[in-house]
Amino acid sequence: MIMKIAVLKGDGIGPEVTNQSLKVLNAVAEKFNHTFEYAEGLIGAHAIDKTGNPLPAATLDICLDSDAILFGAIGHPKYDNDPSAKVRPEQGRLGLRKALQLFANIRPVTSYSSLHFLSPLKTKIIEGVDFVIYRELTGGIYFGKKELNEVGDRASDHCVYTSAEIERIAHLAFKAAQQRRKKLTLVDKANVLETSRLWRKVVQNLTAIYPDVTVDYLYVDNAAMQIILNPRQFDVILTENMFGDIISDEASVISGSLGLLPSSSIGVKTALFEPIHGSYPQAAGLDIANPIGSILSAAMLLDHLEMPEEADLVRKAVSWTIEHKFVTKDIDPENNYYTSTIGELIVDYIGKNDMEEIHPLNIALRKSTII
Ligand code: IPM
Ligand code: MN
């Protein structure tokens, strides 16, 4: 198959983790006889430096002309402590979500048994955890009207949802639940917020269409607690934009590192695939960032392009590295491997499918040669 993939590497560690995914996609292309054509676009702080715009029109065109988008990370510290900055890297990301109508952000949360020791949570709590968060991505408080009065001492952010916006992501979440353990949890704050009451109403109305899915409702404060107390109870979590942002970072603690979690953002146009971590500027260029969030995002991209066998092989390769403790510094501060070494190991696994005889010394020398 010939597929066009837009590549937006972005800032900080974005380029180096995305480069590992590109190596992995190339290995997949070779093994399965596909052609992936890449087109790179500028986004974020990088794009501001070069064009003055965090989301140049040329980048949007590349995305619209592609079958899928592989996204790295954006953000730069020079904007973080400057609340008065008019142009910000994040506008690139939010602008892209809006322009492509990427309304559903899907974030799977799993736990790897070899990494249980890493989590601040007890093994008995996190073993076997497997749920997915469906976070609404183009509405709510992120995109409502923002105001600051002239004196600068009163600000507001409006939270707005329409039932159509809720319905379209709810359908996706219900369908995902049907393919999984058939349980959907709506996370909201319906005891306080009008928008949350609308979410409940819309979801309740849909239950008749999906009678095989059990639905329950949790207030977000309780949900935040349950994710830590008993995460195995969850199968599909459906929630609005900001609650989803917060609980997905919280849920990453279960896996052991934010660096492991992938995501996909599905909309009405081209879908986008990105790790959930940020640009981690302190690590940029050091070859120490965890590439797994990006590589697993590439696996989700392959699923989206209807290449499930290819996607599974990538996931298998990732699990193999993790189980054999080939991990980056965020996972193991003492015994760790470079970003690029992890990428090479996964490429080797995909190409050879046999990693029994791997030589630790060569890996330590970053050769990852199989002898
Ligand atoms: C995320 C990020 C973004 C968000 C930021 C960088 C705007 O935290 O994708 O989760 O809040 O959506
Ligand atoms: Mn976030």
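The shown structure was predicted, so the numbers you read here are calculated from the model rather than taken from an experiment.

1. Thoughts on empty space enclosed by the protein
A water-sized probe, rolled over the atoms, reveals where empty space remains.
Step number 1: If you walk through the whole model with that rule in mind, you get four cavities of 30 Å³ or more.
Step number 2: By volume, the largest cavity amounts to about 40 Å³.
Step number 3: Every residue lining the largest cavity is listed: Ser114, Leu115, Phe117, Ile322, Lys325, Val327, Ile331 and Asp332.
Step number 4: Residue composition of the lining of the largest cavity, by class: five nonpolar, one polar and two charged.

2. Regarding the site of ligand 1
Step number 1: Around ligand 1 sit Glu90, Arg93, Arg97, Arg107, Arg135, Tyr142 and Asp245, and those are all the residues in its vicinity.
Step number 2: For ligand 1, an oxygen atom lies 2.8 Å from a polar atom in the side chain of Arg135.
Step number 3: Within the side chain of Asp245, one N or O atom sits 2.9 Å away from an oxygen atom of ligand 1.
Step number 4: Its free accessible area being 320 Å², ligand 1 has 79% of it covered by the protein chains.
Step number 5: The dominant element in the shell around ligand 1, judged by the number of residues it contributes, is helix α5 (residues 90-99), at three residues.

3. Things to note about the packing of helix α9 (residues 220-229) against helix α10 (residues 241-255)
Step number 1: Following both chains from N to C, one finds α9 and α10 inclined at 15°, their axes separated by 9 Å at the closest point. On the basis of the axis angle, α9 is roughly parallel to α10. Between α9 and α10 lies a crossing whose hand is right-handed. The segment α9 lies against α10, with Val220, Ala224, Ile227 and Ile228 engaging Phe243, Ile247, Glu250, Ala251 and Ile254.

4. A short note on the environment of Lys98
Step number 1: If you trace the backbone, Lys98 turns up in helix α5.
Step number 2: Separated by 39 residues in sequence, Lys98 and Leu137 have C-alpha atoms that sit 8.4 Å apart.
Step number 3: Residues contacting Lys98, with those up to four places away along its chain left out, are Thr138 and Phe143.

5. Focus: the pattern of salt bridges
Step number 1: Applying the stated criterion across every chain, the model contains 19 salt bridges.
Step number 2: Ionic pairing is found between Asp235 and Arg180, a salt bridge with its closest N-O pair at 2.7 Å. With Asp235 in the loop between α9 and β10 (236-239) and Arg180 in the loop between α7 (163-179) and β8 (183-188), the pair connects residues that are 55 residues apart, well separated along the chain.
Step number 3: Accessibility expressed as a relative area gives 1% for Asp235, which makes it buried.
Step number 4: Several salt bridges converge on common partners, so that one network encompasses Asp130, Arg180, Arg181 and Asp235.

6. Quick word on helix α1 (residues 14-32)
Step number 1: With 19 residues, α1 should cover 27 Å at 1.5 Å per step; its first-to-last C-alpha distance of 27 Å lies within 8% of that length.
Step number 2: Phi turns positive one or two residues past the end of α1, at Asn33, with a value near 60°.

7. Topic: the domain arrangement of the protein
Step number 1: Here the domain parsing of the protein yields domain 1 (1-110 + 257-371) and domain 2 (120-130 + 159-254).
Step number 2: On a C-alpha basis, the centres of domain 1 and domain 2 stand 26 Å from each other.
Step number 3: Taken together, the contact between domain 1 and domain 2 spans 10 residues of the former and 11 residues of the latter.
Step number 4: Buried surface at the junction of domain 1 and domain 2, summed over both partners, amounts to about 990 Å²; 60% is from carbon and sulfur atoms.
Step number 5: Across the domain 1-domain 2 interface, the total number found is two residue pairs in polar contact (both at pLDDT 80 or more).
Step number 6: Residue composition of the side of domain 1 that touches domain 2, grouped by class: six nonpolar, three polar and one charged.

8. Quick look at α10
Step number 1: The terminal C-alpha atoms of α10, which comprises 15 residues, lie 22 Å apart, in line with the 21 Å expected from a rise of 1.5 Å per residue.
Step number 2: Of the positions making up α10, those classed as buried are Asn241, Phe243, Gly244, Ile247, Ser248, Glu250, Ala251, Ser252, Ile254 and Ser255.
Step number 3: The opening residue of α10, the one whose side-chain oxygen lies 2.8 Å from the backbone nitrogen of Met242, is Glu240.
Step number 4: Just downstream of α10, Gly256 is the residue with a positive phi angle, here 115°.

9. Quick word on the packing of aromatic side chains
Step number 1: For the structure on display, the rule yields six aromatic pairs.
Step number 2: Between Trp320 and Phe326 the ring centres are 5.5 Å apart and the planes differ by 35°, which places this aromatic pair in the tilted class.
Step number 3: Here the aromatic residues Trp320, Phe326, Tyr337 and Tyr349 are joined through ring pairs into a cluster of three or more.
Step number 4: It is Lys98 that lies over the ring of Phe143; its NZ or CZ is 4.7 Å from the centre.
Step number 5: In this structure, Arg135 is placed above the aromatic ring of Tyr142, and the distance from its NZ or CZ to the ring centre is 5.4 Å.

10. With respect to the pairing of strand β3 (residues 68-73)
Step number 1: For β3, the tally of buried residues reaches six of six residues, placing the bulk of the element in the interior.
Step number 2: Pairing between β3 and strand β12 (residues 271-275): three bridges, direction parallel. Bridged to Leu70 within β12 is Phe273.

11. Concerning the pairing of strand β4 (residues 104-110)
Step number 1: Most of β4 sits inside the fold, with five of its seven residues counted as buried.
Step number 2: With seven bridges connecting them, β4 and strand β5 (residues 130-136) associate as antiparallel partners. The residue of β5 that forms the bridge with Arg107 is Ile133.
Step number 3: Note: β4 against strand β11 (residues 262-266), three bridges, orientation antiparallel. When the sheet's bridge partners are listed, Ala104 is paired in β11 with Ile266.

Calculation rules
One numbering rule holds for all chains: residues counted from 1, following each sequence as written. Here chains are named by letter from A upward and ligands by number from 1 upward, in the order in which they appear as written. In keeping with the predicted nature of the model, local features appear solely for residues at pLDDT of at least 70, side-chain atom pairs appear and are counted solely at 80 or more, and the whole-chain, interface and lining totals rest on all residues. Note that water and hydrogens are dropped before the side-chain values are worked out from all heavy atoms of the structure. Using a grid of 1 Å spacing that covers the protein atoms alone, one calls a set of points a cavity when a 1.4 Å probe fits there but cannot get out, and a pocket when the set is open and has protein on both sides within 12 Å along at least five of seven lines; lining residues are those with an atom within 4 Å of a point. Grid points are joined across faces, edges and corners, and a volume is the space filled by probe spheres set on the points. Only Asp, Glu, Lys and Arg are considered charged, only Ala, Val, Leu, Ile, Met, Phe, Trp, Tyr, Cys and Pro nonpolar, and every remaining residue, Gly among them, polar. Only heavy atoms are used to decide nearness, and a residue is near a molecule or strand if one of them lies within 4 Å of it. In protein, a polar contact requires one atom able to donate a hydrogen and another able to accept it; more generally it is a pair of N or O atoms within 3.5 Å, and residues adjacent in sequence count only if both atoms are side-chain atoms. Only the protein chains shown count as covering a residue, and every accessible area follows the Shrake-Rupley method with a 1.4 Å probe. The secondary structure listing takes helices from DSSP runs of H or I that are at least 4 residues long and strands from runs of E that are at least 2 residues long, numbered from the N terminus. Note on method: axes are straight lines fitted to C-alpha atoms, helices fitted across the in-contact stretch only, with angles between N-to-C directions ranging 0 to 180 degrees. Between 65 and 115 degrees an angle is taken as roughly perpendicular, under 35 as roughly parallel, over 145 as roughly antiparallel, and anywhere else as oblique. By convention the crossing between two helices is left-handed if the near helix lies anticlockwise of the far one by an angle smaller than a right angle, and right-handed if it lies clockwise. Whether two residues are in contact is decided by their heavy atoms: any pair within 4.5 Å suffices. When a carboxyl oxygen of Asp or Glu is within 4 Å of a side-chain nitrogen of Lys or Arg, the pair counts as a salt bridge. Type-normalised accessible area, obtained with a 1.4 Å probe on protein chains alone, sets the label of each residue: buried when under 20%, exposed when over 50%, and partly exposed for intermediate values. Each residue after the first adds 1.5 Å to the expected span of a helix. What counts as a domain boundary in this text is fixed by an automatic or database domain assignment. Put simply, buried area is the surface a 1.4 Å probe can reach on two separate parts but cannot reach once they are joined, added for both. In this analysis, rings of Phe, Tyr and Trp, with Trp reduced to its six-membered ring, are considered paired at centre separations within 6.5 Å, and the interplanar angle assigns stacked below 30 degrees, edge-to-face beyond 60, and tilted for intermediate values. Here, over-ring charges are defined by two tests on the NZ atom of lysine or the CZ atom of arginine: distance to the ring centre within 6 Å, and angle to the ring normal within 35 degrees. DSSP bridges decide pairing: two strands pair if at least two such bridges lie between them.

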